[in-house]
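# Commentary on secondary and tertiary structure
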Amino acid sequence: MANHSFTFTHALCRTPSNSVTDGLRAEDQGDPSADVFRSEHASYVAALRATGAEVEVLPADERFPDSVFIEDAALCLKGQAIVLRPGAETRLGEAAALRPDLTRIMTGVIDLQTEGFVDGGDILCSDHEVMVGLSARTDRTGAEDLGPIVSDLGYKLRILETPADILHFKTESSLLDAETILATPKLSASGCFDDYRVIHTAEGEDLAANAIRVNDTVFLSSGNPRTADALDKAGYKVVVLDTTQATLVDGGLSCMSLRFSI
Ligand code: CIR
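Notes on the structure in this doc start here. Worth saying up front: this structure is predicted, and the values here are computed from it rather than measured.

### What to know about the side chain of E172
As for its placement among the helices and strands, E172 is situated in the loop between β8 (156-161) and β9 (173-177). Buried within the structure, E172 lacks any salt-bridge partner; its nearest side chain of opposite charge belongs to K186, at an N-O separation of 5.5 Å. Within the structure, the side chain of E172 is placed 2.6 Å from the side chain of T184, a separation counted as a polar contact. Not counting the four nearest positions on each side in its chain, E172 is found in contact with I166, L182, A183, T184, K186, L187, D206 and A209.

### Section: the site of the ligand
Taken together, the neighbourhood of the ligand is formed by 14 residues, with L24, D66, R91, R137 and V249 sitting nearest. A distance of 2.8 Å is found between a nitrogen atom of the ligand and a side-chain nitrogen or oxygen belonging to D66. Between the ligand and H168 there is a distance of 2.8 Å, counted from an oxygen atom to a side-chain nitrogen or oxygen. Surface burial for the ligand is 99%, taken as the share of its 350 Å² of free accessible area covered by protein chains.

### What to know about the pattern of salt bridges
Counting across every chain of the model gives 19 salt bridges. Salt-bridge contacts for E56 lead to R104; the nearest nitrogen and oxygen are separated by 2.6 Å. Here the residue E56 occupies a position in strand β2 (residues 54-58), and R104 occupies one in helix α2 (residues 93-105), the gap between them amounting to 48 residues. Overall, E56 belongs to the partly exposed group, its relative accessible area being 29%. You can call R104 partly exposed: its relative accessible area is 48%. Each of R25, D28 and D31 takes part in salt bridges that share partners, so that together they form one network.

### Let's talk about the sheet that holds β2
Overall, mixed pairing links the 3 strands, which are arranged β2-β1-β15 in an open sheet. Where the open sheet ends on each side, the last strands, each with one partner, are β2 and β15 (258-260). On average, each strand axis in the sheet is inclined to that of its neighbour by 15°, with strand direction left out of account. In the packing of α2 onto the sheet, the strands contacted are β1 (10-14), β2 and β15, and the crossing angle to β1 comes to about 155°.

Conventions used here
Residues numbered from 1 in each chain as written. Predicted model: local features only at pLDDT ≥ 70, side-chain atom pairs only at ≥ 80, totals over all residues. Heavy atoms only, no water. Helix = DSSP H or I, 4+ residues; strand = E, 2+ residues; numbered from the N terminus. Buried < 20%, exposed > 50% of the residue type's maximum accessible area, 1.4 Å probe, protein only. Lys, Arg positive; Asp, Glu negative; His and termini not counted. Salt bridge = Lys/Arg side-chain N within 4 Å of Asp/Glu carboxyl O. Polar contact = N/O pair within 3.5 Å; in protein donor to acceptor, adjacent residues only side chain to side chain. Contact = heavy atoms within 4.5 Å. Near = heavy atom within 4 Å. Areas by Shrake-Rupley, 256 points an atom, 1.4 Å probe, with all protein chains shown as cover. Pairing = 2+ DSSP bridges. Axes fitted to C-alpha atoms, helices over the stretch in contact; angles between N-to-C directions.

Function cannot be read off these values alone, since they describe shape.
So, in structure tokens, the structure goes:
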């Protein structure tokens with residue numbers, strides 16, 4: 001199995017809605033501007049396309065303020081989309097709203113049947129395993145019910161504890177290549193990445209951890225120069241993108257696309 005975890009032929013995004021001003025956030029630092037968000041989002045989409053991926057952008061869904069964070073509603077593995085159960089009340093309906101598009105685009109669609117909850121932002125995939133971090137959005141029931149589905153697709157599921165004040169497991173971690181994870185020192189201190197090489201974000205640059213590797217490029221949020229420099233020195237091709245508006249509603253680079261190969 002070669003590099004399924006960071007080589008992608010396709011990505012799916014959703015335009016930020018005007019209602020993104022009502023997006024969930026742990027701490028209010030002001031509403032995002034929908035216009036600025038759409039402009040940053042357009043740059044994000046263009047950057048994904050520059051890696052060679054074919055990117056489809058779905059129209060904004062005003063019913064769901066957080067629907068730009070499309071990654072939380074589904075998990076894509078080996079051409080299949082697993083429709084998840086997002087754990088925030090205002091976001092649960094995003095999964096059903098996305099399902100018809102997944103059915104149209106993906107090779108197959110599998111519904112996560114559970115009484116529990118799983119957000120895509122809590123799932124970090126490497127070539128051989130699917131790591132699921134328990135959080136305020138993802139519970140053990142949901143994570144355990146995901147197990148047989150990913151196992152049928154050839155992955156081992158590993159359930160991990162996310163430290164309490166981290167929104168999503170991938171808020172503070174990302175895959176740089178098949179063996180290497182970028183993580184905050186706080187998340188990696190939990191021991192969850194002991195089987196990987198870990199590169200830590202620089203002090204004061206926790207937001208850098210929500211990066212994405214897409215084909216030959218590692219995308220990093222702007223404002224994290226020392227982490228960008230460290231990745232550059234480690235041999236990665238780094239491209240920096242502005243995520244100022246996503247950050248205001250606790251989002252980052254990984255949340256704004258579903259990345260997959262079909
Ligand atoms: C939320 O709280 O659900 C959104 N405002 C942000 C979601 C970010 N998604 C992610 O980290 N995967």
